[in-house]
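A look at the structure
Listed here are the chains, written in short residue letters.
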Amino acid sequence: MCDILIVGAGATGALAALVLAQAGLDVVCLEQGAWVNDADRPHHLADWSWQRRTRWNPDVNRRDHADDFPVKSDSSQILMWNAVGGSTNVYGGLWPRYRPSDFRKGTEHGLQPDWPITYEDISPFYESADRIIGVSGLAGDLAMPPRERCPTGPLPVSDVARRLSAGFDKLDWHWWPVEASVISEDYDGRPACNNCGVCNGCPRGSMNEFSTSIWPKAIRAGCDLRTHARVLKIEKGADGRATGAYYIDRNSDQILFQKARIVVLAANGVGTPRLLLASNNLANSNDQVGRNLLHHTLVASEMWVDGPVDGHIGYAASLISREFAETDISRGFVNGFNLNCVTSTPSAGELAAGWFSSARAPWGSGHHQWFENHFGRSIGVFAIGDDLPNPENRVSLDPERTDSDGMPGAKVQYAPGENDKRMMNYMLDRLKELAQACDAVEYRLQDYRDEGGVYRTPAWHMLGTCRMGKDPETSVVNGWTQSWEVPNLFIVDGSVLATGGTVNPTPTISAMALRTATYIRDNFAVLSTATKHTAMD
Amino acid sequence: MATNLTKFPSSFFQKEELNQNRIQPDDLGRTELSITTTILSSSNRTEQPHILKLLIDELIPGDTLWPKASEIGLDNVILLRLFGQESSALFEQLAPVLDCSSDGLLSTASANRTSAVRRFEELSPALFEKIYTAAVLAYYEMPVVVEAIRASGRPYSASPHADGYVMPAFDHEHDTPRHGRGSYMRTGDVTPLDLSSLDLDAVSTHWGLQR
Ligand SMILES: Cc1cc2nc3c(=O)[nH]c(=O)nc-3n(C[C@H](O)[C@H](O)[C@H](O)COP(=O)(O)OP(=O)(O)OC[C@H]3O[C@@H](n4cnc5c(N)ncnc54)[C@H](O)[C@@H]3O)c2cc1C
Ligand code: SF4
């Protein structure tokens, strides 16, 4: 019997383990994948751009690895990584926060629920997450509530950022240096970013990968992290409490049972609903588990400017614009979006083979001319918006395919709704304006639709599938991310987010994980025997 | 300590049975098609490497600054990456779609070779895509190509993670935005909006780039 059993050793599993093990609790974490060997990372290999499309492809369905589980989906990609550190082994480290109104969409328009908590509830945990993780950025953005000084200052300003900021200024639109979980100075024993640009994770440790920066501390604090340990089922006792989990030790092929006083799920927005559904529909008598999947509305543009901006140099992202982050009904839709400006690909090969859009160097006699005209001049911009929940957008069990241990794979359905489509049209128009304001000599928009007009998003944010709420009928967990039905079951990954906000979600997911872990730590005695969920004010 | 189960709970899924449906290999062509070759049969196997060289030189030809693809051994890299040691698998796939006759890829006339490749692209876009992408990525990894990029005057490293690039640090005095733009709504300021003008249920938007 352990005090706390955590399922999944990704970003949130790491943070929960750190807080709970440092409090002296007996913590076991089960992770289906392995440790990622630094020397094996593509960054060090001559063929790293090829590796990013094959063995190190962040799309779970494009690499053939027994640590993964298959995800059947209409999306063009399903981006995640299954190993110690989870998806942060390949993530980009953009680190923006939600805004207060993101928590109040029920009040604002009622097409999404209010969160059971406010921005003010989560704000202290944003600050502590930033200190633990090591973040760079600049306080003072008028488009955001005041924040503490970032642990390290902003990253260097790239030529891409200068060109973009001039475009934003011309349009009179907001922009600000992007916050990142990348340190601009040596911090916590890790070296500052060296501007290499190969930001799919960072074996150097300048970008926070939870495997190299958080996990060693959690293990030193006493957490028992077991790798190659795939959880097959959470078991529930007669009193309605979770008793522990069956898992397969993939090294020995033995099925084991780990008893626990409290179970914490940190298997991400696809892995957690998959596990609950595979556990005889645990915590799902209201049929909410897996529903309301949010990926964000997403469109993009790639532009080329008339002189070199060396977008292959420097951290992957440059600026963020929150000009359109709040709802403005006159635009014809509710909710907002942000413009996530990246740089370009660090690889000449990736640029020529096609990177952000359908543009690429043609084969044949025009190949080199195209490259000469485009290399060092390309800039990418994503528009990311708050999509509305739809119960039919969901994660369910794949009746056909299984993982290497026979556990059913996941099936993911996602289609944008009317409001989302209107927002994406508006975003495409703004991306065009931005390219023109940056004096782009050429630009391509990307709407992620295939020839048949079907939206196939590269799904990288897995949110909302076990959402928190005030109402046990329409949510899976309460304001402490505690299951309404199984009082010693908590969820800390992105599946609990009630809305997707307009930005990359991991700062919010991390802050929420810290908040829940702190709650469990401070109320362990009560929670370890409770047979009812905690009453919320 | 975890308990070892001797008896599998009856409610579990059947492992053996489900295992048969494991995810299949990736989309890089390693598990696809097995077409009987006509043009590139085993009798002319010695032609095969030559054909791949010709093909990639059509894809990435050389000029005074840039080497042509075959000159830097790209054919070998492509074979290795896409088909492991099994070069025959590539040629089996190419045979039905790439005209290697003396009027096609083996022609001395450049226009004929270009047409043969264009037809290959039309007939088998997926295979074409695989080969072209692999060729392009490998091409720009090659030291001599990296040198050519640098010769254009831009700083470029093929393995930048080791040493990074030098950039001036953020200068608070000069780099801090001074535009004064930006606002946000405080928690208490969020109030209900009138959505009646939106007609979200009644109107269906045609959207995307083709709208
Ligand atoms: C390519 C890419 C780029 C991204 N870029 C950004 C970015 O720039 N900014 C940002 O904010 N976010 C980004 N993200 C998202 C970010 O990585 C995730 O939000 C974050 O990792 C979520 O943390 P998590 O703990 O919920 O899940 P994960 O980090 O995905 O971890 C879940 C873990 O659970 C394990 N697991 C699942 N099921 C089981 C089981 N049954 N038994 C045992 N273990 C199990 C998995 O193996 C995995 O290790 C990106 C993601 C990707 C893939
Ligand atoms: S640019 Fe910085 S954060 Fe990105 S991979 Fe290089 S060192 Fe790491």
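Calculation rules
Residues numbered from 1 in each chain as written. Chains lettered and ligands numbered in written order. Predicted model: local features only at pLDDT ≥ 70, side-chain atom pairs only at ≥ 80, totals over all residues. Heavy atoms only, no water. Contact = heavy atoms within 4.5 Å. Buried area = accessible area lost by both parts, 1.4 Å probe. Salt bridge = Lys/Arg side-chain N within 4 Å of Asp/Glu carboxyl O. Polar contact = N/O pair within 3.5 Å; in protein donor to acceptor, adjacent residues only side chain to side chain. Helix = DSSP H or I, 4+ residues; strand = E, 2+ residues; numbered from the N terminus. Nonpolar A, V, L, I, M, F, W, Y, C, P; charged D, E, K, R; others polar. pLDDT = per-residue confidence, 0-100. Axes fitted to C-alpha atoms, helices over the stretch in contact; angles between N-to-C directions. Core = buried A, V, L, I, M, F, W, Y, C linked by side-chain atoms within 4.5 Å. Buried < 20%, exposed > 50% of the residue type's maximum accessible area, 1.4 Å probe, protein only. 1 Å grid on protein atoms, 1.4 Å probe; cavity = no way out; pocket = protein on both sides within 12 Å on 5 of 7 lines; lining within 4 Å. Points joined across faces, edges and corners; volume = space filled by probe spheres on them. Expected span 1.5 Å × (residues − 1). Near = heavy atom within 4 Å. Sits in = over half its atoms within 2 Å of the grid points. Pairing = 2+ DSSP bridges.

So, the interface of chain B and chain A
Reports of interface size often rely on the accessible area that becomes lost once the parts have come together. With 92 residues of chain B at the interface, the matching set in chain A holds 117 residues. Across the interface of chain B and chain A, roughly 8,900 Å² is buried in total on both sides, 62% from carbon and sulfur atoms. Counting the surface chain B buries against chain A, the share from its top three residues, H161, R181 and W207 of chain B, is 11%. Inspection of the chain B/chain A interface yields six salt bridges. The shortest N-O distance in the salt bridge between R154 of chain B and D310 of chain A comes to 2.6 Å. Viewed at the interface, chain A and chain B are joined by 38 residue pairs in polar contact (both at pLDDT 80 or more). Within the residue set of the side of chain B that touches chain A, elements represented by two or more residues are β1 (3-4), α1 (15-19), α2 (47-59), α3 (74-83), α5 (110-123), α6 (125-139), α8 (160-163) and α9 (172-175) of chain B. Here the side of chain B that touches chain A gets eight residues from one element, more than from any other, and that element is α6 of chain B. Partitioned by chemical class, the residues of the side of chain B that touches chain A number 48 nonpolar, 25 polar and 19 charged.

Focus on the confidence of the model for chain B
All names here are of chain B. Per-chain confidence: chain B averages 81 in pLDDT, with 76% of residues scoring 70 or above. The secondary-structure element of chain B with the lowest mean pLDDT is α1, recorded at 35, while α5 shows the highest, at 97. Within the model, pLDDT remains below 50 along residues 3-43, and this stretch shows 80 contacts once partners closer than five positions in the same chain are excluded. Interface predicted TM-score (ipTM) for the complex: 0.92; the corresponding pTM is 0.93.

Details of the environment of H312 of chain A
Within the fold, H312 of chain A resides in the loop between β10 (297-304) and β11 (317-321). Beyond its immediate chain neighbours, meaning those up to four positions away, H312 of chain A contacts C196, S344, T345, P346, F375 and G376 of chain A together with P155, Y156 and Y165 of chain B. One polar contact links the side chain of H312 of chain A to the main-chain carbonyl oxygen of P155 of chain B, over a distance of 2.7 Å.

Regarding the packing of α5 of chain B against α6 of chain B
Where α5 of chain B contacts α6 of chain B, the axes come no closer than 5 Å and their chain directions differ by 120°. Contact with α5 of chain B, carried on its side by V117, F120, E121, E122 and L123 of chain B, involves P125, L127, F128 and I131 of chain B of α6 of chain B and no other residues of that element.

Side note on the nonpolar core
Counting residues in hydrophobic clusters, the biggest one holds 159 residues, and the most contacted among them are I4, L164, W215, I234 and Y315 of chain A. Ignoring sequence-local partners within four residues, the contact set of Y315 of chain A consists of G92, G93, L94, L155, V178, A180, V182, N195, C199, M207 and T343 of chain A. With 56 residues, the next largest nonpolar core counts A352 of chain A together with L90, L105 and L127 of chain B among its residues.

Quick word on empty space enclosed by the protein
Residues and elements named next belong to chain A. Under the defined criterion, the tally for this structure stands at four cavities of 30 Å³ or more. By volume, the largest cavity is sized at about 90 Å³. Lining the largest cavity are 15 residues, and of these C193, C196, C199, C202 and S206 lie nearest its centre. Grouping the constituent residues of the lining of the largest cavity by class yields eight nonpolar, six polar and one charged.

What to know about helix α12 (residues 506-522) of chain A
The terminal C-alpha atoms of α12 of chain A lie 24 Å apart, and with 17 residues this matches the ideal 24 Å at 1.5 Å per residue to within 8%. Buried residues dominate α12 of chain A, accounting for 15 of its 17 residues.

A word on the site of ligand 2
Close to ligand 2 lie 14 residues, the nearest being C193, C196, G197, C199 and C202 of chain A. Chain contributions to the surroundings of ligand 2 come from chains A and B. With respect to the pocket detection grid, ligand 2 is positioned in the largest cavity. Per-class residue counts for the shell around ligand 2 are eight nonpolar, five polar and one charged.

Here we look at the sheet that holds β11 of chain A
Residues and elements named next belong to chain A. Here we have six strands laid out as an open sheet, ordered β5-β11-β12-β13-β10-β16, and antiparallel in their pairing. Where the open sheet ends on each side, the last strands, each with one partner, are β5 (176-177) and β16 (442-446). The pairing of β10 with β16 spans five bridges and is antiparallel. Paired with E302 across the strands is R444, a residue of β16. Across the face of the sheet, helix α5 (residues 159-171) comes into contact with β10, β11, β12 (337-342) and β13 (378-385) while running at roughly 15° to β11. Against the sheet, helix α11 (residues 418-437) contacts β10, β12, β13 and β16, and its axis sits at roughly 15° relative to β10.

Section: the sheet that holds strand β3 (residues 71-73) of chain A
All names here are of chain A. Spatial ordering of the open sheet is given by β3-β15-β14, a layout of three strands whose pairing is mixed. Where the open sheet ends on each side, the last strands, each with one partner, are β3 and β14 (394-402). Between one strand and the next, the sheet's axes are offset by a mean angle of 35°, whatever the strand orientation. As judged from the three bridges shared by β3 and strand β15 (residues 408-413), these two strands associate in the parallel manner. Across the sheet, K72 pairs through a bridge with K411, a residue of β15. Against the sheet, helix α8 (residues 268-278) touches β3, β14 and β15, its axis set at about 70° to β14.

Quick look at the environment of A83 of chain A
Residues and elements named next belong to chain A. Tracing the backbone shows A83 in the loop between β4 (77-78) and α3 (105-108). Taking the C-alpha atoms as reference, A83 lies 12 Å from A266; in sequence the two are 183 residues apart. Ignoring sequence-local partners within four residues, the contact set of A83 consists of A9, E31, G33, A34, V36 and N89.

Focus on the pairing of β13 of chain A
All names here are of chain A. Among the eight residues that make up β13, eight are buried, leaving the element largely enclosed by the rest of the structure. Burial of the side chains of β13 extends over both faces: S378, G380, F382 and I384 are buried on one face and I379, V381, A383 and G385 on the other. Note: β10 against β13, eight bridges, orientation antiparallel. If you follow W304 over to β13, its bridge partner there is S378.

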